[in-house]
Each structure stands twice: as structure tokens, then as C-alpha cells.
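Summary of the model geometry
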Amino acid sequence: MSQKNLILVLGDQLTLDAGALQGATPADCHVLMAELAEEASYVRHNRHKIALVFSAMRHFREELRAAGFTVTYYAYEEGLSSLADALDRIVREEGCGRLRCCQPGEYRVQQALEDWSRNSGVALDWAADNRFLCATGDFNAWAAGRKTFRMEHFYRVMRRRYQILLDEEGEPEGGRWNYDRENRAGWRGKHQVPARAELEHDAITREVLELVAAAFPDNPGDLASFNLAVTRAGAEEQLAFFIDHCLDRFGQYQDALAEESDWLYHSLVSMYLNIGLLCPLASCRQVEAAWRDGRCSLAAAEGFIRQVLGWREYVRGIYWFAMPEYGERNGLQAEQPLPAWFWDAEVDMRCLQRALKQSLDLGYAHHIQRLMVIGNFALLAGLSVREVCAWYLAVYVDAFEWVELPNTLGMALFADGGLMASKPYAASGRYIQRQGNHCASCRYRPDRVTGENACPYNSLYWAFINRHRASLEENPRMSLALRNWDKKPARERESILQWAQREGDRLLRVP
Ligand code: FAD
Ligand code: DLZ
């Protein structure tokens, strides 16, 4: 029986550059990949996500074989349940010296593999996930001794480390680190958003789409509109499209909400970055090069680079710094059950209905929809942190816990006591009106707080401020909101709270 080392490649580690494969030669190792019932069902994943991961895994299997590797690939149809089952089977059939795997993106998977190693007696070597630009140890060193964490401080360290958007003196290009202020324009329908081409599916993807349709009939996701790249070359074409046609307006409309488009000028590349089809550093360098060639504004390039080199690395650092206890946090004691309409988008608030519908159908919503439309509603209504996090993890094609959890539990729900965000991202209907044009086709009016057509975000916003006033008083960034609440006459405050209660009861009713 062979005692070759076994390299396990997980469904979000699809690159020859991944740590576990580095230095490996086809002669001294055996690669295992497995489509598993447990990975496909630990939440009710969007069918687009399952199709993306399975098709990209099958394409990567071909890439590995073309590079000379021996690959054992267990397809979903073989009925393997868990990582432990797949590993037990390959050890039984092929033997195994040591197991090597790149550090996974979820704590639960890391635990499962360590448990298996202990139980089987097969030694497990972790390879660092070198696709990330800040190793977990480096993040922990940065975090050590800091009372508060701010992304902006971390981001500057990363810009210097990778020499991105720096001038010859090593200072930020344009004299500022951050052009966020220029990135907040609302959408007024002035431009035609570039159309995205329909991708042709090859035989592998067609087979996977049939499998997913048959095996996951009740999961969200309209498979007829599946339009994701499943190979490195395909993902690179998507990034190139973004740079050529969207990047210049990306910065300006980064926070906008539009009736006309599900994605405006966003890049639509998170899923490729997260499963290994795109390299984050190379993507940032391409965007920097586009700015240096005069193809986009500095604010646009900086906006993209801040998201990838800054936020993306930062949330991953926070995840591994604070897990497993992080996943249990519920700082605002939010326990309301998730309304059923989160799963069918049957709600009459236009912005929420649009954001939920595209999330369910396509597995995509852009950042402001996730944060200020869906997340904001969940925050104001006090929806259960556990249920909301599970929903986000299920619904989006780019959702893996290392990135989903800090964004949802920390940034959107403010449940981590302010580790991710310096104040809750709580906003009224006025914010949504300012950022776009959904309100014009909504039955509710953002300028009313109470009464039949009042936008529910308004009364829920004030009820949130009132409910959490004791803890918000400690936060100087919330003092204006508290003062505005306190300035209202007592009778007005009472009627707002009553209206909020009524709206909450109606919208959160359990069928
Ligand atoms: P763009 O707007 O074009 O941004 C460019 C890239 O920057 C993205 O592709 C992404 O890689 C990175 N990025 C931007 N913002 C963030 C951020 N806050 N954290 C990490 N990376 C960021 N992103 C995920 O990849 N997976 C998730 O599961 C996820 N869940 C989220 C949940 C909530 C509640 C919120 C508020 C945000 C979440 N995000 C998540 C971050 C962000 O919304 C998505 O990365 C982005 O919408 C993906 O679309 P895009 O590729 O068009 O991004
Ligand atoms: C998301 C996902 C799905 C749907 N299926 C598989 C699978 O069958 N096999 C696999 O190796 N990985 C899958 N993944 C990705 C894993 O869940 C991922 O490795 C973890 O979420 C850790 O980031």
C-alpha cells in the first residue's frame, strides 16, 4: 500500500499556488478532492453557490491532472457524506503517509480535520493559506495590545507592506490614504450600466447544473440564470471586464442603490477571489496599473484596493483572532425569529424586496444592499443574530464563514461589541432615499415616520435608538442621534414607539 502524502484540496482552495500544493511534485503526493453532502448542506446554500463550487472543483481537477498530479475525485453521486468519510475511504483504498491541507476558511472545517487526524492516527500538516496577504499570525501581532481595532490603521500598514498606490517618497498617491468621501454618490439614473455578457456553459458545467437541480430542489437559486465563471481564465475575463467597463464609475457609485441594475459598477469578483480563481494581490496590482495608465480615477482605484487589501484581509484577521467565541456573540441581545419572507422576498418595501429577490435568485447583492438594506432591517428589528448569520452564509455565492461572519455579526448587526464597526450601521428610510431611486416606486414614503404610508425603517430606527440608549450613550458617534431623539416631544416619541411596535408586529409575524 502506498505511503505517499495526501493533499486534501477543499472546494474554496482551487489554485496551484495554494500553500498545500507548493513544493509538492506529482511523484511524491496524491491529491484528494470530494463533493460532500455535509459541505453542500450545512446551511441551505444557494444553488448557484453549489454549482459554482462543484463546477470549479471539477475544472480544477482537470488542471491538476494536466499538471501531472494523481487526483482522486469523489463526485457527489458517489454519496459520500463528510470529510471524515472521504478521508477514511482514501486511506482504506490507497493508503496515506501524512495528510496536508491548506488552512481552511471555516473554523468548523479545521476542527473536523483535526478530529479526523486524532481519531485516525494520520498526522496532519497545515499549510498557511498564502492567498491571503496578511497571515493570521501577522494580524494577531498587529492586534496585540490595541484597545480598539480600526480597519483604516490596518489598511495603511498593508498599503506600505505591498507598496500599493504609493508615490516615490512612499507616501499615499494623491496625498490621502482614503477617498471614501468621494465614493458616496446616490444613483439618479444618469448612466447606462454596462451589460454583462451571458456565459456559455461547457459540458462539465451543464452536467453540474443538472445534478444541482435534481439534488437540491428546495434550495434558493434560479439556475436558469446561472452566469458565473468556473475557471481561472473565465474569472480573469470577468475582472478584465470590470476594469475596462466599470472601474471608473465604481468608486463614485459604490454606495448607490438602483432600480435599473442588480450590480451597478461593482466588480462581481468576490466569489472568484474566495475560491482561489483570482489572486487578490494580482487583482489589486491590475487595478493600480489601470489608474497609472489613466484609465480610471484615483478614487475609484483606491476604493477597490481598500476593499480587497483592506477590508477583505481585515475581516479574515478578525475571524481567526476571535473565533470560536466570536460566533456566539450577541451584544444587543437580538432574538426575533427571521420572518419567512427572507426566503421568498414577499415583502412590500421596495428596496428590501429587490435586495432579497436578487440575493435568493442569483446569490448576489452588493455591499450596500447587504449592509444598509437587509442588514439594517435585521439590526433595527432585532432579528436573531444566529438566524441572520445562517441566512447570509446560505444565500450568497461568495459566502464562507471567515468573511461572512465578521461582516454580518460584526458590521451589520453590531453584535460583537464594536470590534468590527465603531458604531451601529443603523439608518432610517432617508438614507435609502438619498442613495438611490427605490423609494420612487415604493408604497411607503421615506419622509413619514408614522401613519399608513410611513416607511417602516423610520419608526424602527427610532425604536432601536430608544431600546439601546443605555449602551449607545457610551458611544460618542451616536450622540447626535440620541440628542435628536431626546429633542422630540414626549407625545411624539410615544406615538413613534407605538407605530414601531405595530410595524414590527406586522412585518415580523410568524405565519
Ligand atoms: P465590490 O463592491 O466590487 O468590491 C470589490 C471586492 O472587495 C469584493 O469582491 C470583495 O472581495 C472585497 N470586499 C468588499 N467589501 C468587503 C468586505 N466588507 N469584506 C470582505 N471583502 C470585501 N463578502 C464576501 O466575499 N462573502 C460574504 O459572505 C460576505 N458577506 C457579507 C455580509 C454582509 C452583511 C456585508 C455587509 C458584507 C458582506 N460581504 C461579503 C462583503 C461585500 O458585501 C461583498 O464582498 C461584495 O458585495 C461582493 O461583491 P463584489 O465582488 O461586486 O464587490
Ligand atoms: C461550499 C462548499 C460546497 C457547497 N461543497 C463543497 C464540497 O463538496 N467539497 C469541498 O471540499 N468543499 C465544498 N465547499 C467549500 C467548503 O465548504 C469550504 O472549504 C469550507 O466552507 C471552508 O472554507
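Everything here concerns the structure above.
We now turn to the structure provided with this report. (Residues numbered from 1 in each chain as written. Chains lettered and ligands numbered in written order. Predicted model: local features only at pLDDT ≥ 70, side-chain atom pairs only at ≥ 80, totals over all residues. Heavy atoms only, no water.)

**What about the environment of F216?**
Stated precisely, the cut-off is as follows: Here a helix means four or more residues in a row that DSSP labels H or I, a strand means two or more in a row labelled E, and each is numbered from the N terminus. Accessible area is worked out with a 1.4 Å probe on protein chains only. A residue is then buried under 20% of its type maximum, exposed over 50%, and partly exposed in between. Here a residue-residue contact requires only that any non-hydrogen atoms of the pair lie within 4.5 Å.
By the element assignment, F216 lies in the loop between α7 (203-215) and α8 (232-250). A residue is classified by how much of its surface remains accessible, and F216, at 6% relative accessible area, is buried. Here the alpha-carbon distance between F216 and L165, two residues 51 residues apart in the chain, equals 45 Å. Excluding residues that lie within four positions of it along the chain, F216 makes contacts with A40, R47, I50 and Y76.

**Let's talk about the nonpolar core**
Here is the rule we go by: Here, the term nonpolar core denotes a set of buried Ala, Val, Leu, Ile, Met, Phe, Trp, Tyr and Cys residues that are joined through side-chain atoms within 4.5 Å.
Ranked by internal contacts, the top residues of the largest apolar core, which has 171 residues, are M33, Y272, L352, F377, W391, Y457 and I465. With 14 residues, the top contributor of residues to this core is helix α11 (residues 298-322). When sequence neighbours within four positions are dropped, the list of residues in contact with W391 reads L338, F342, W343, L356, S359, L360, I374 and Y396. The next biggest cluster of nonpolar side chains, apart from the first, holds 20 residues, and it includes L6, L36, L80 and W116.

**Details of helix α6 (residues 151-162)**
What counts, and what does not: A helix is expected to reach a length of 1.5 Å times the quantity of its residues less one. Think of the arc as the fan of directions from the helix axis to the C-beta atoms.
Compared with the 16 Å implied by 1.5 Å per residue over 12 residues, the 16 Å span of α6 between its first and last C-alpha is a close match. Of the positions making up α6, those classed as buried are M151, E152, F154, Y155, M158, R159 and Y162. The arc that holds every buried residue of α6, seen down its axis, measures 155°, which confines them to one face. Each element contacted by the buried residues of α6 is listed here: α5 (136-143), α10 (280-292) and α11.

**Let's talk about the site of ligand 1**
This is how the line gets drawn: Here a residue is near a molecule or strand as soon as one of its heavy atoms is found within 4 Å of it. Any pair of N or O atoms that falls within 3.5 Å is considered a polar contact. Within protein, one atom must be able to donate a hydrogen and the other to accept it, and sequence-neighbouring residues count only if both atoms are side-chain atoms. For the accessible areas, the method is Shrake-Rupley and the probe is 1.4 Å, while residue cover comes only from the protein chains on display. Following the grouping adopted for this structure description, the nonpolar residues are Ala, Val, Leu, Ile, Met, Phe, Trp, Tyr, Cys and Pro, the charged ones are Asp, Glu, Lys and Arg, and the polar ones are all others, Gly among them.
Neighbouring ligand 1 are 29 residues, the closest being H266, S267, L268, Y364 and N407. Here an oxygen atom of ligand 1 sits 2.6 Å away from a polar atom, N or O, in the side chain of S267. Between ligand 1 and S270 there is a distance of 3.0 Å, counted from an oxygen atom to a backbone nitrogen or oxygen. In isolation ligand 1 has 820 Å² of accessible area, and contact with the protein removes 99% of it. Within the residue set of the shell around ligand 1, elements represented by two or more residues are α9 (270-275), α11, α13 (367-381) and α15 (401-412). Tallied by class, the residues present in the shell around ligand 1 amount to 16 nonpolar, 9 polar and 4 charged.

**Some thoughts on the site of ligand 2**
As a structural note, the neighbourhood of ligand 2 is formed by 18 residues, with G11, D12, A34, L36 and E39 the closest of them. Contacts to ligand 2 include G11, whose backbone N or O atom sits 3.0 Å from an oxygen atom. In this structure, an oxygen atom belonging to ligand 2 sits 2.4 Å away from a side-chain N or O atom of D12. Within the complex, the protein chains bury 99% of what would otherwise be the 490 Å² of accessible surface of ligand 2. If you list the elements that add at least two residues to the shell around ligand 2, you get α1 (37-41), α2 (47-66) and α4 (107-120). Of all the elements, α2 adds the most residues to the shell around ligand 2, at 4 residues. Classifying every residue of the shell around ligand 2 by side-chain character gives 10 nonpolar, 2 polar and 6 charged.

**Describing the pairing of strand β1 (residues 5-8)**
What counts is decided by this rule: Note on pairing: two strands pair once DSSP finds at least 2 bridges between them.
Relative to strand β2 (residues 29-34), β1 runs parallel, the two sharing 4 bridges. Bridge assignment links I7 to a residue of β2, and that residue is V31. Bridging between β1 and strand β4 (residues 99-102) involves 3 bridges; their strand directions are parallel. Across the sheet, the residue bridging to L8 is C101, located in β4.

**Remarks on the sheet that holds β4**
The condition is simple: A fitted line through C-alpha atoms represents every axis, and for helices the fit uses only the stretch in contact; the resulting angles, taken between N-to-C directions, go from 0 to 180 degrees.
Read from one edge of the open sheet, 5 strands run β3-β2-β1-β4-β5, paired in parallel fashion. Two strands bound the open sheet, and with one partner strand each, they are β3 (70-74) and β5 (124-127). Within the sheet, the average angular offset between the axes of one strand and its neighbour, ignoring direction, is 25°. Note that β4 and β5 share 4 bridges and pair parallel. Counterpart to L99 in the pairing with β5 is L124. On top of the sheet, α2 reaches β2 and β3; it is set at about 160° to β3, its chief contact. Packing of α4 onto the sheet brings it into contact with β1, β4 and β5, and relative to β5 it is tilted by some 155°.

**Some points on unusual backbone geometry**
The omega torsion of the bond from M323 to P324 falls at 0°, within 30 degrees of zero and hence cis. As for its position among the elements, P324 is in the loop between α11 and α12 (350-362). Look at L268: it is not a glycine, yet its phi comes out positive at around 55°. Given a relative accessible area of 12%, L268 falls into the buried group.

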